Amino acid sequence: MNKPLWEPTKLKKRDSLLEDFAKFINFKSEYNFKNLWKWTIENPEEFWTNFWDYSKIKGDKGKEVIHIIKFLIKPNFLQTPK
């Protein structure tokens, strides 16, 4: 049962905001938006900078696009179950 319930037509994909954004950043999506999603995950700073510009957000981006926390908090769950 891998058949999707619905899939947009090529015309809908072509006229979508995702395709418009892909063109804005010169990303050749070929209407495969999974590739665009993958790019956003692999290039978060570039994505958010471009999204800011594409969206015409008013304000100052600041110097740091993404603040990455360099450590992981390891929660200790059920350390002494009885």
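This structure is a prediction, so every number in the text was calculated from the model and none was measured.

1. Structural notes on the overall build of the chain
Across its full length, the chain carries four helices and zero strands. By residue count, 17% of the 82 residues in the chain fall in the buried class. In the chain, 23% of the contacts between residues at least 6 apart in sequence involve partners at least 24 apart. On the chain, roughly 8,100 Å² of surface is accessible, and the fraction owed to carbon and sulfur atoms is 58%.

2. Thoughts on the packing of helix 2 (residues 17-24) against helix 4 (residues 44-55)
For the pair helix 2 and helix 4, the least separation of the axes is 11 Å and the interaxial angle reads 110 degrees. Here helix 4 runs roughly perpendicular to helix 2, going by the angle between their axes. Each of Leu17, Asp20, Phe21 and Phe24 in helix 2 lies in contact with helix 4, whose residues at this interface are Phe47, Asn50, Phe51, Asp53 and Tyr54. Residues that form the contact of helix 2 with helix 4 fall into these classes: six nonpolar, one polar and two charged.

3. Some details on helix 4
Counted at 1.5 Å a residue, the expected span for helix 4 with its twelve residues is 16 Å, and the 16 Å between its end C-alpha atoms agrees. What helix 4 keeps buried is the set Phe47, Asn50 and Tyr54. Projected down its long axis, helix 4 carries its buried residues within an arc of 75 degrees, all on one side. Looking at the buried positions of helix 4, the neighbouring elements they touch are helix 2 and helix 3 (33-42).

4. Some words on a nonpolar patch on the surface
The grouping of Trp48, Phe51, Ile57 and Val65 at the surface amounts to a nonpolar patch, some 340 Å² of accessible area in total. What makes Phe51 partly exposed here is its relative accessible area of 31%.

5. Looking at the packing of aromatic side chains
Overall, the coordinates contain eight aromatic pairs when judged by the stated rule. Feature note: the residues Phe21, Phe24, Phe47, Trp48, Phe51 and Tyr54 constitute an aromatic cluster, connected by ring pairs.

6. Examining the confidence of the model for the chain
Overall, the prediction assigns the chain a mean pLDDT of 85, with 80% of residues at 70 or greater. Ranking the elements of the chain by mean pLDDT puts helix 4 last with 92 and helix 2 first with 96.

7. Here's the deal with the pattern of salt bridges
Within the structure shown, the criterion is met by four salt bridges. Put simply, Asp15 and Arg14 hold a salt bridge, and the shortest N to O gap is 3.1 Å. Taking relative accessible area as the criterion, Asp15 reaches 53% and is therefore assigned exposed. Among the residues examined, Arg14 registers a relative accessible area of 40% and is labelled partly exposed. Residues Glu42 and Lys38 are paired through a salt bridge, measuring 3.9 Å at the closest nitrogen-oxygen approach. With Glu42 and Lys38 both in helix 3 and four residues apart, the pair spans about one turn of that helix.

How each quantity is defined
Residues numbered from 1 in each chain as written. Predicted model: local features only at pLDDT ≥ 70, side-chain atom pairs only at ≥ 80, totals over all residues. Heavy atoms only, no water. Helix = DSSP H or I, 4+ residues; strand = E, 2+ residues; numbered from the N terminus. Buried < 20%, exposed > 50% of the residue type's maximum accessible area, 1.4 Å probe, protein only. Contact = heavy atoms within 4.5 Å. Areas by Shrake-Rupley, 256 points an atom, 1.4 Å probe, with all protein chains shown as cover. Axes fitted to C-alpha atoms, helices over the stretch in contact; angles between N-to-C directions. Parallel < 35°, antiparallel > 145°, perpendicular 65-115°, else oblique. Nonpolar A, V, L, I, M, F, W, Y, C, P; charged D, E, K, R; others polar. Expected span 1.5 Å × (residues − 1). Arc of directions from axis to C-beta. Patch = residues over 30% accessible without salt bridge, like charges linked within 9 Å, V, L, I, M, F, W, Y side chains within 5 Å. Salt bridge = Lys/Arg side-chain N within 4 Å of Asp/Glu carboxyl O. Phe/Tyr/Trp six-rings, centres within 6.5 Å; stacked < 30°, edge-to-face > 60°. pLDDT = per-residue confidence, 0-100.

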